[in-house]
Amino acid sequence: MPERPRLVIASGNTGKLREYRDLLSGAGVDLVAFDSEVDEVGETYAENAKLKADGAASRSGLASLGDDSGLEVEVLGGFPGIRSARLGPTQQERTAELLRRLEGMPRPWKARFVCVMALAIPRSETRFFEGECRGEVVPEWRGEAGFGYDPIFLVPGTGKTFGEMPPEEKRKYSHRAAAARALLESGALQRLSD
Ligand code: IMP
């Protein structure tokens, strides 16, 4: 049997890695986790995703996928956005800090999650894939599933936060699942086996 191509997922975030194993399970590639530990110094999601993907591709010599994501809250003018990972040293503190900044603001706290993926293939142009999920931030933490800001992100029409959804339900709505669909539909991963 021909060997399956390998795809590096440039992340050290176990929540993200778990989702990638699920979202790309039918993609015909073997996933390898590698945290390129780059500083997120870009000014856009795409720049940061590219920094992660390029860092992993140049160190591993393999096709690498980087992902930068964020939560944008309308009443905060899109904050924290690309600064979502920098609101505090732990995720618990980041979530608490976001809720602290929202205290007293008129509800609903409309928000969206954004995910931009960069696919870096050695000796090829880096390609980008995007997904978003619109919803609302709620003041109480609900559910233990998922990761990051999932327990405070309510998905319209479901009555549930991402924290209350099993993975197969989150993937119907999530920004990362939407970006992964765009990646799969592009055919870029099939070309890794050519
Ligand atoms: P980064 O994309 O690794 O820079 O993550 C940005 C921030 O958003 C971190 O605090 C993540 O935990 C959080 N985050 C990223 N994706 C998700 C998600 O799917 N659900 C909830 N939080 C997320």
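The coordinates are above.
All residue numbers refer to positions counted from 1 along the written sequence of the respective chain. Selection of residues for local features in this predicted model requires a pLDDT of at least 70, selection of side-chain atom pairs for listing and counting requires 80 or more, and totals for whole chains, interfaces and linings are taken over all residues. The side-chain figures draw on all heavy atoms in the structure; neither hydrogens nor water molecules are used.

**Focus: the overall build of the protein**
Phase 1 of the analysis: Each helix is a run of H or I in the DSSP string that is no shorter than four residues. Each strand is a run of E no shorter than two, and both are numbered from the N terminus. A tally of helices and strands in the protein yields five helices and seven strands.
Phase 2 of the analysis: Tracing the protein from N to C terminus, the helices and strands come up as β-α-β-α-β-α-β-β-β-β-α-α.
Phase 3 of the analysis: Here the globule rule is a power law, 2.2 Å times the number of residues to the power 0.38, and the radius of gyration is based on C-alpha atoms. A compact globule built from 194 residues would reach a C-alpha radius of gyration of about 16 Å, and the protein, at 17 Å, matches this within 12%.
Phase 4 of the analysis: Each of the three principal axes of the protein carries a C-alpha extent, and together these read 55 × 35 × 25 Å.
Phase 5 of the analysis: The buried label applies to any residue whose accessible area, calculated with a 1.4 Å probe on protein chains only, is under 20% of its type's maximum; exposed applies above 50%, and partly exposed to all values in between. Looking at the protein as a whole, 47% of its 194 residues qualify as buried.
Phase 6 of the analysis: Any two residues having at least one pair of non-hydrogen atoms within 4.5 Å are treated as being in contact. If you take every contact in the protein between residues at least 6 apart in sequence, the share linking residues at least 24 apart comes to 59%.
Phase 7 of the analysis: Surface exposure of the protein reaches about 9900 Å², of which carbon and sulfur atoms provide 49%. Each accessible area is a Shrake-Rupley estimate made with a 1.4 Å probe; only the visible protein chains count as cover when residues are assessed.

**Topic: the pairing of strand β1 (residues 6–9)**
For a regular strand, side-chain orientation follows a simple rule: the groups alternate between the two sheet faces.
Phase 1 of the analysis: A pair of strands is considered paired only if DSSP assigns at least 2 bridges between the two. Alignment of β1 against strand β2 (residues 30–33), held across four bridges, turns out to be parallel. Looking across to β2, one finds that I9 is bridged to A33.
Phase 2 of the analysis: A crossover gets the label right-handed when its path from the first strand over the helix to the second runs clockwise, viewed with the strands pointing away from the viewer. For the handedness criterion, the β-α-β arrangement of β1, helix α1 (residues 14–23) and β2 is classed as right-handed.
Phase 3 of the analysis: The sheet contact formed by β1 and strand β3 (residues 64–73) spans two bridges and is parallel. Bridge pairing in β3 links I9 to L65.

**Quick word on helix α5 (residues 175–186)**
Phase 1 of the analysis: Taking 1.5 Å per residue as the helical rise, α5 with its twelve residues ought to reach 16 Å, and the 17 Å between its terminal C-alpha atoms agrees with that figure.
Phase 2 of the analysis: Of the residues making up α5, those classed as buried are H175, R176, A177, A179, A180 and L183.
Phase 3 of the analysis: Its buried side turned inward, α5 meets α1, β3, β4 (109–120), β5 (127–137) and α4 (167–173).
Phase 4 of the analysis: Sitting at the amino-terminal end of α5 is S174, which places a side-chain oxygen 3.3 Å from the backbone nitrogen of R176. A helix is expected to span 1.5 Å for every residue after the first. Any N or O atom pair separated by 3.5 Å or less is treated as a polar contact, with the protein-specific requirement of one donor-capable and one acceptor-capable atom, and with residues adjacent in sequence counted only for side-chain atom pairs.

**Quick word on the nonpolar core**
Phase 1 of the analysis: In this structure, L7, I9, L24, L65, M117, L119 and L183 are the most contacted members of the largest nonpolar core, which totals 21 residues.
Phase 2 of the analysis: Breaking this core down by element, the ones donating at least two residues are β1, α1, β4 and α5.
Phase 3 of the analysis: If one sorts the elements of this core by residue count, α5 sits on top with four residues.
Phase 4 of the analysis: Joining through side-chain atoms within 4.5 Å is the link that ties buried Ala, Val, Leu, Ile, Met, Phe, Trp, Tyr and Cys residues into a set, and such a set is a nonpolar core. In terms of nonpolar packing, the next biggest core, distinct from the first, is built from 19 residues, L99, L102, V137 and F162 among them.

**A look at the state of the cysteines**
Phase 1 of the analysis: Disulfides are defined as pairs of cysteine sulfur atoms found within 2.5 Å of each other. Within the structure shown, the criterion is met by zero disulfides.
Phase 2 of the analysis: Free cysteine: C115, not disulfide-bonded; nearest cysteine sulfur from C133 at 11 Å.
Phase 3 of the analysis: C133 sits in the buried class, given a relative accessible area of 6%.

**A short note on the packing of α1 against α5**
Phase 1 of the analysis: Two numbers describe how α1 lies on α5: the axes approach to 11 Å, and their chain directions differ by 40°. As judged from the angle between their axes, α1 and α5 are oblique. Of the two possible hands of crossing, α1 and α5 adopt the one that is right-handed. For the pair formed by α1 and α5, the contact residues are K16, E19, Y20 and L23 on the first element and R176, A177, A180 and L184 on the second. Fitted lines through C-alpha atoms serve as axes, helices being fitted only where they are in contact, and the angles separating the N-to-C directions of these axes extend from 0 to 180 degrees. By the definition adopted for this analysis, an angle is roughly parallel if under 35 degrees, roughly antiparallel if over 145, roughly perpendicular if from 65 to 115, and oblique otherwise. Crossing handedness is read from the near helix: turned anticlockwise from the far helix by less than a right angle, it gives a left-handed crossing, and turned clockwise, a right-handed one.

**Some words on the sheet that holds β1**
The pairing of strands in a sheet comes from backbone hydrogen bonds and takes either a parallel or an antiparallel form.
Phase 1 of the analysis: Here we have seven strands laid out as an open sheet, ordered β2-β1-β3-β4-β5-β6-β7, and mixed in their pairing. The open sheet has two free edges, formed respectively by β2 and β7 (160–161), since each of these has just one partner strand.
Phase 2 of the analysis: Examined bridge by bridge, β4 and β5 share eleven bridges and lie antiparallel to one another. Bridge pairing in β5 links C115 to G131.
Phase 3 of the analysis: Along the sheet, helix α3 (residues 91–102) contacts β3, β4 and β5; its crossing angle with β3, the most-contacted strand, is approximately 30°.

**Considerations on the pattern of salt bridges**
Phase 1 of the analysis: A side-chain nitrogen of Lys or Arg and a carboxyl oxygen of Asp or Glu constitute a salt bridge if their distance falls within 4 Å. Under the defined criterion, the tally for this structure stands at 19 salt bridges.
Phase 2 of the analysis: In this structure, the salt-bridge partner of K170 is D150, at a minimum N-O distance of 2.9 Å. Highlighted residues: K170 in helix α4 and D150 in the loop between β5 and β6 (153–155), separated in sequence by 20 residues.
Phase 3 of the analysis: One network of salt bridges, in which partners are shared, links K16, E19, D67, D150, K170 and R176.

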